[in-house]
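Tertiary structure, described
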Amino acid sequence: MRWMMFRTPKERDNGLPDGEPTYDGVPLHRTYGQKRKKRPVTEFAVTVFAGSALFYVLLILALALLAIITAVLMFIDILVSTVFVLIAGSILFLALTKTLRKRRKLERKIKNLCKKKGYTLEKAVRGMNAFRWSCKRPSFILKTEACEYYVHYLTVGHYNSSMVFQGKSEIKLIKYPINNPFTVIVGSKPKIITVKSGFEALPENDEGKMGKRVILVNPVCREMYAKSKDGGVVATGNGFSDFGFTVYTGSGFCEAVERDSEEYEKLKN
């Protein structure tokens, strides 16, 4: 509608109806009719540079934050792994220390027995090799007037284990998981290890003494079994000697040596 536009003097002279709104020809906006000034090139370049700089700063900050998060996660992972290794190493160290302590205690007992009774003790295996099973080389040899004992140490690991003598050439060690919350959660299963027991013939001695092959279980296990003739297993313990060797624990071995010596003295007299 024309009344929405401003009216010029010419339009007033043309006899437009009275009462319509008239305007003085002033633009509705103060910048109407004015040309927009062009922005300098330098100002545009500065704006673009500032925007680019801000973008790269934010990008660097984001990458730095990502690197920090990655480093923290890696540190946590390494820390957890280190703690796990330390715990596992501590458990292994304590188990080895316990085994070593019991072994030293038994060796002192055997040495005191030899010193008291005048027996001869020959150390065949030294150092950490004494903890390794070997059916070819005895751990030590104990000589009395009655007999020569070729003793082989057999270490199970911990008390919660079983030992099954399969025959002359094989021994099965069954290591059950230790009862603790960790093994219950993980669901550990028994570990079965088979060792060879094919012993060589005992060497002959010039004195005509009886030779005896001994498996000395130290530390002791919870249960010991032997394979029967019908294929089953039966419980056994100190003094078992069906497969060409005799099985003893530490105390049982010392008692057997003393008993054999006493019987020999009785027969001698």
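Residues numbered from 1 in each chain as written. Predicted model: local features only at pLDDT ≥ 70, side-chain atom pairs only at ≥ 80, totals over all residues. Heavy atoms only, no water.

**Points about the overall build of the protein chain**
When helices and strands are counted, the protein chain shows 4 helices and 10 strands. Start at the N end of the protein chain and walk to the C end: the helices and strands fall as α-α-β-β-β-β-β-α-β-β-β-β-β-α. Classification of the 269 residues of the protein chain by burial places 26% in the buried group. Considering only intrachain contacts with a sequence separation of at least 6, the fraction spanning at least 24 residues in the protein chain is 53%. In the form shown here, the protein chain has an accessible surface area of approximately 19700 Å², with 61% of it arising from carbon and sulfur atoms. (Helix = DSSP H or I, 4+ residues; strand = E, 2+ residues; numbered from the N terminus. Buried < 20%, exposed > 50% of the residue type's maximum accessible area, 1.4 Å probe, protein only. Contact = heavy atoms within 4.5 Å. Areas by Shrake-Rupley, 256 points an atom, 1.4 Å probe, with all protein chains shown as cover.)

**Quick word on helix α4 (residues 250-268)**
Between the first and last C-alpha of α4 there are 27 Å, a value that for 19 residues agrees with the 27 Å anticipated at 1.5 Å per step. What α4 keeps buried is the set G250, G252, F253, C254, A256, V257, D260 and S261. (Expected span 1.5 Å × (residues − 1).)

**Some remarks on the nonpolar core**
With 19 residues, the main nonpolar core has I110, F140, L142, Y149, L216 and F253 as its most contacted residues. Breaking this core down by element, the ones donating at least two residues are α2 (41-117), β2 (140-143), β3 (147-154), β7 (210-217) and α4. Apart from residues no more than four positions distant in its own chain, Y149 is found in contact with F140, I141, L142, T144, K212, V214, F253, A256, V257 and D260. With 18 residues, the next largest nonpolar core counts M163, I171, M224 and F240 among its residues. (Core = buried A, V, L, I, M, F, W, Y, C linked by side-chain atoms within 4.5 Å.)

**As for the pattern of salt bridges**
All told, the structure shown has 5 salt bridges when counted by the stated rule. A salt bridge links R222 to E223; the nearest nitrogen and oxygen atoms lie 3.9 Å apart. The partly exposed category is assigned to R222, whose relative accessible area is 37%. Residue classification places E223 among the partly exposed positions, given a relative accessible area of 29%. (Salt bridge = Lys/Arg side-chain N within 4 Å of Asp/Glu carboxyl O.)

**What about the sheet that holds strand β9 (residues 233-235)?**
One open sheet accounts for 5 strands, arranged β6-β5-β4-β8-β9; its pairing is mixed. Strands at the two margins of the open sheet, each flanked by one partner only, are β6 (191-196) and β9. Neighbour to neighbour, the strand axes of the sheet diverge by 25° on average, direction disregarded. Note: strand β4 (residues 161-165) against strand β5 (residues 170-175), 5 bridges, orientation antiparallel. Bridged to M163 within β5 is L173. (Pairing = 2+ DSSP bridges. Axes fitted to C-alpha atoms, helices over the stretch in contact; angles between N-to-C directions.)

**Description of a nonpolar patch on the surface**
On the surface, a cluster of nonpolar side chains totalling about 1100 Å² of accessible area is made up of L65, I68, I69, V72, L73, F75, I76, L79, V80, V83, I87 and I91. Assignment of secondary structure puts I69 in helix α2. (Patch = residues over 30% accessible without salt bridge, like charges linked within 9 Å, V, L, I, M, F, W, Y side chains within 5 Å.)

**As for the sheet that holds strand β1 (residues 120-123)**
Read across the open sheet, the 5 strands follow the order β1-β2-β3-β7-β10; overall the sheet is mixed. Lying at the two open borders of the sheet, with one neighbouring strand each, are β1 and β10 (246-249). In this sheet, adjacent strand axes meet at a mean angle of 25° when their direction is disregarded. Here β7 runs beside β10; their pairing, made up of 4 bridges, is parallel. Residue V217 lies in a different strand from β10, and its bridge partner there is T249.

**Quick look at unusual backbone geometry**
A cis amide bond, omega -5°, links N218 with the succeeding residue P219. In this structure, P219 sits in the loop between β7 and β8 (223-227).

**Quick word on the side chain of S162**
The residue S162 is located in strand β4 in this model. At 3.1 Å, the side chain of S162 and the side chain of E223 are in polar contact. (Polar contact = N/O pair within 3.5 Å; in protein donor to acceptor, adjacent residues only side chain to side chain.)

**Here's the deal with the confidence of the model for the protein chain**
On average, the protein chain scores 76 in pLDDT, and the residues at 70 or more come to 74%. The weakest mean pLDDT in the protein chain belongs to helix α3 (residues 181-186) at 46; the strongest belongs to β10 at 91. Residue range residues 1-6 is modelled with pLDDT below 50. Its contacts to residues more than four positions away, or to other chains, number 9 contacts. Under a pLDDT of 50 for its full length, residues 181-187 has, in the predicted model, 3 contacts with residues more than four places off or in other chains. (pLDDT = per-residue confidence, 0-100.)

**Observations regarding the state of the cysteines**
Taken as a whole, this structure holds 0 disulfides when the rule is applied. No disulfide involves C254; its sulfur sits 8.3 Å from that of C114, the nearest cysteine. Residue C254 is classed as buried on the basis of its relative accessible area, which comes to 4%. (Disulfide = S-S within 2.5 Å.)

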